[in-house]
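Listed below, chain by chain, are the residues.
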Amino acid sequence: MDLGTVFYLSMVLFFISVLGILITSDLISFFISRQVMVAAAVINFLNFSLRIIPGDNGLRILMILGLLTMYLLEFTVLFYIYSNTDSIQKMAASAGYGIFSLKKSDWWGEDRV
Amino acid sequence: MEYLFEIIRGPYAGITVIAAAVLVSLTAGFSGNINVKLSMAALNAASYIGCFYLYVRNFILYGPYSGFLTDLGIAGIILSGTVVFCGLNILFFLSLNRISGKNFVRAVILLSFSVVSVLLLVMADNAVLVVTSVIISVLSIFNLLASLETGNMHSREYLGKFGVRSALPAALLLFGFSVLAGSGGIKNISVYASTGDRGSPPVILSTCIFACALYLYFFLYPFQGIFLRFIRRTGFTSSAVLWFLYIPAGMVLVIKFSPFFDLFAGKVNLYGFLIIAILGSLNLMGAGLGAIKAASTRRILSMFLLFQLGTVLLMRSSVFMDTGPALPPAVYDVALLVVTLAAFLPLSLLASIMGRKNGDDSIFGAQGLIRRHPYPGICFCFLLIWWLAADVYIFMSKGLLQGKALSAPYVYWIILSAVFITAVLLMAANVIRIITLFFRKPLKADEVKRDGFPRVFYAYLTLFMLLAAFSLVLVAIGELGMGEDHIYIWGKTFYIFGNGN
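We now turn to the structure provided with this report. Note that this is a predicted model, so its numbers are computed, not measured.

The rules we used
- Residues numbered from 1 in each chain as written.
- Chains lettered and ligands numbered in written order.
- Predicted model: local features only at pLDDT ≥ 70, side-chain atom pairs only at ≥ 80, totals over all residues.
- Helix = DSSP H or I, 4+ residues; strand = E, 2+ residues; numbered from the N terminus.
- Contact = placed C-beta atoms within 7 Å.
- Nonpolar A, V, L, I, M, F, W, Y, C, P; charged D, E, K, R; others polar.
- Buried ≥ 20, exposed ≤ 12 C-beta atoms within 10 Å, placed from the backbone.
- Expected span 1.5 Å × (residues − 1).
- Core = buried A, V, L, I, M, F, W, Y, C linked by C-beta atoms within 7 Å.
- Axes fitted to C-alpha atoms, helices over the stretch in contact; angles between N-to-C directions.
- Parallel < 35°, antiparallel > 145°, perpendicular 65-115°, else oblique.
- Left-handed = near helix turned anticlockwise from the far one by under 90°.

**What to know about the overall build of chain B**
Phase 1: Secondary structure summary: chain B contains 19 helices and four strands in total.
Phase 2: Looking at chain B alone, contacts between residues at least 24 apart form 80% of all its contacts between residues at least 6 apart.

**Concerning the interface of chain A and chain B**
Phase 1: Each partner contributes to the interface: chain A provides 44 residues, whereas chain B provides 48 residues.
Phase 2: Looking at the side of chain A that touches chain B, the elements that each hand over two or more residues are helix 1 (3-23), helix 2 (27-51) and helix 3 (57-83) of chain A.
Phase 3: Considering each element in turn, the side of chain A that touches chain B owes the most residues, 15 residues, to helix 3 of chain A.
Phase 4: Residue composition of the side of chain A that touches chain B, by class: 29 nonpolar, eight polar and seven charged.

**Observations regarding the environment of Val203 of chain B**
Phase 1: For Val203 of chain B, the location among the structural elements is in helix 9 (residues 201-217).
Phase 2: In this structure Val203 of chain B comes out as buried when scored by C-beta crowding, with 20 C-beta atoms within 10 Å.

**Quick notes on the environment of Arg356 of chain B**
Phase 1: Of note, Arg356 of chain B is situated in helix 15 (residues 329-358).
Phase 2: Expressed as a C-alpha distance, the spacing of Arg356 of chain B and Leu121 of chain B, which sit 235 residues apart in the sequence, is 34 Å.

**Here we look at helix 3 (residues 34-62) of chain B**
All names here are of chain B.
Phase 1: Here helix 3 is 29 residues long and its end C-alpha atoms lie 41 Å apart, about the 42 Å a rise of 1.5 Å per residue gives.
Phase 2: When we look at burial in helix 3, the residues that qualify are Lys37, Met40, Ala41, Asn44, Ser47, Tyr48, Cys51, Phe52, Tyr55 and Asn58.
Phase 3: Those residues of helix 3 that are buried lie in contact with helix 1 (2-9), helix 2 (12-26), helix 4 (74-98) and helix 5 (104-123).
Phase 4: Immediately beyond the C-terminal end of helix 3, within one or two residues, lies Gly63, with a positive phi of roughly 80°.

**Notes on the nonpolar core**
Phase 1: The biggest cluster of nonpolar side chains holds 193 residues, and the ones touching the most others in it are Ile90, Val108, Val131, Ala170, Ala171, Leu174 and Phe175 of chain B.
Phase 2: In this structure Phe175 of chain B touches Phe14, Met37, Ala40 and Ala41 of chain A together with Ile209 of chain B, once residues within four positions along its chain are discounted.

**Digging into the packing of helix 3 of chain B against helix 4 of chain B**
All names here are of chain B.
Phase 1: Between helix 3 and helix 4, the least distance of the axes is 10 Å, while the angle of their chain directions is 170°. One way to sum up the angle between helix 3 and helix 4 is to call them roughly antiparallel. Taking contact as the criterion, the partners of Ala41, Asn44, Ala45, Tyr48, Cys51, Phe52, Tyr55, Val56 and Phe59 in helix 3 are, on helix 4, Ile77, Ser80, Gly81, Val84, Gly87, Leu88, Leu91 and Ser95.
Phase 2: The class makeup of the residues in the contact of helix 3 with helix 4 is twelve nonpolar, five polar and no charged.

**Observations regarding the packing of helix 3 of chain A against helix 6 (residues 127-148) of chain B**
Phase 1: Closest axis-to-axis distance for the helix 3 of chain A/helix 6 of chain B pair is 9 Å, and the angle between their directions is 10°. By the angle between their directions, the pair helix 3 of chain A and helix 6 of chain B is classed as roughly parallel. Note on packing geometry: the crossing formed by helix 3 of chain A with helix 6 of chain B is left-handed. Contacts from Gly58, Ile61, Leu62, Leu65, Gly66, Thr69, Met70, Leu72, Leu73, Thr76, Val77 and Tyr80 of chain A of helix 3 of chain A reach helix 6 of chain B at Ala127, Val128, Val131, Thr132, Ile135, Ile136, Val138, Leu139, Phe142, Asn143 and Ala146 of chain B.
Phase 2: Looking at the contact of helix 3 of chain A with helix 6 of chain B residue by residue, the classes come out as 17 nonpolar, six polar and no charged.

**Re unusual backbone geometry**
Across the chain, the bulk of peptide bonds are trans and the bulk of non-glycine residues have phi less than zero.
Residues and elements named next belong to chain B.
Phase 1: Residue Pro222 is bonded to the preceding Tyr221 through a cis peptide linkage, with omega at 5°.
Phase 2: Examined against the element boundaries, Pro222 turns out to sit in the loop between helix 9 and helix 10 (225-233).
Phase 3: Here Phe219, not a glycine, exhibits a phi torsion of approximately 55°, which is positive.
Phase 4: Structurally, the position occupied by Phe219 is in the loop between helix 9 and helix 10.

This is the structure we're talking about:
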């Protein structure tokens, strides 16, 4: 496959992940969609580092550090969520992570605590 | 030895001072002694001030610093000063609200980590450091919030949701840089401002992805729900961290990516103009309308901040139709950030004090404030009016009514002006509502004169009042223009962005 085809493939993956993030309200589905986005980024990095700028260390370092820190952030958030929910709530806790919130109180009036 | 000299003369010297303070603070991480806690807070505050001093000193002695990963010019110094100022204020809020808590010193350490990571973001120029420092900043702010919200049952769920949402822009940024690599490798961001490949498809595509990432980062409309709900359930210190560390870090990122966003400057692009103008209007109107019926001070302040971000967005939309200012839009971002901090820091402290006194954060707790406490009441009225006036001055006078903006097609000029004036009128209604509340009779007449503010609060408020009044005087006599592209220091002119000097 040539450079362009691989790039289009990564863009397709990216749009799939965006679609997933927009329509899901489940935590696990949300993180899977994010993983697809990260996979698309990795494909791009590898594609460009092999064909456009072979041997570019900056690109490799960016990929490795970016992935490491991102997974650290992801792990921290997931650990926080799961360590703050008891076993009964765990199933319910993964719901309600939709990116849009269209409740009236988010736009107008007061939100009841 | 040469390596050490490189650290001392470079931008890392300031960060080293904060790191040393954190190292010392670690030894007192579990101490419950109030004197130890106070001394640790003082040590960290001194390290922030020392950090900024070293930034300025190194800049004066050695000039702008430019390395493989970093680039620190006059804009970087101003932004570093702003971040350090934010850090000091949050430390002050933390000491005021949480000094008796058992994890106070640990919260201070986490705050210092957050400040260091945002300072790294300010100086970052290479994609490697930009991506890493953004993610580390979000991570450390999340850790700080988690530490502050320990034991708060109401905010747990929403903090988790906040973490999930704030992790998304990081993934988008990484993807954006991966696309950008297609334009011939990863270069420093400052290089994109001057090279000829600014218009190449990978650069334009990655610019769009960066813009989406920033939009999500700020929780702008229609993604505001989690931000508002989380703010409503947190303590006042956590709200301050979000308002005055998370949002300024995002503004730093906006300014950092300015070379990409300026790609469209001078190109007549109707669709780009429409998209950004509609989103900016949505934020301005949404924030103006949303604050009218809100009673929680934290919710109202959050709406005000969203209004500020909407102003930034609308300012950017003007660039698309060449109606924009002659100066780089990043100059206005810096000005709006400074106005935001100067107006909202004392307001959030008032909300915090009223909240502690009344047990909830309802704005009605401040009813009759001017009758009970004339000086703070008048100061707050002044700051609210000053904030709105400064916004109008920066947007209209320095943006739309200057230079080439006047030669742009009238229809675009009228659309932008009409949207902004309507939104400002809406926000003015909010400000008048709050000021009227201050002038009304107190809900409990017997409490008049009985509840005093801490003395330190008067000093804090006076500082911001003087700052606002001083800026007004300087603007009136023509010595200072908010949103100028240069500053005068000791008879020398320094251009904030670009190589004008």
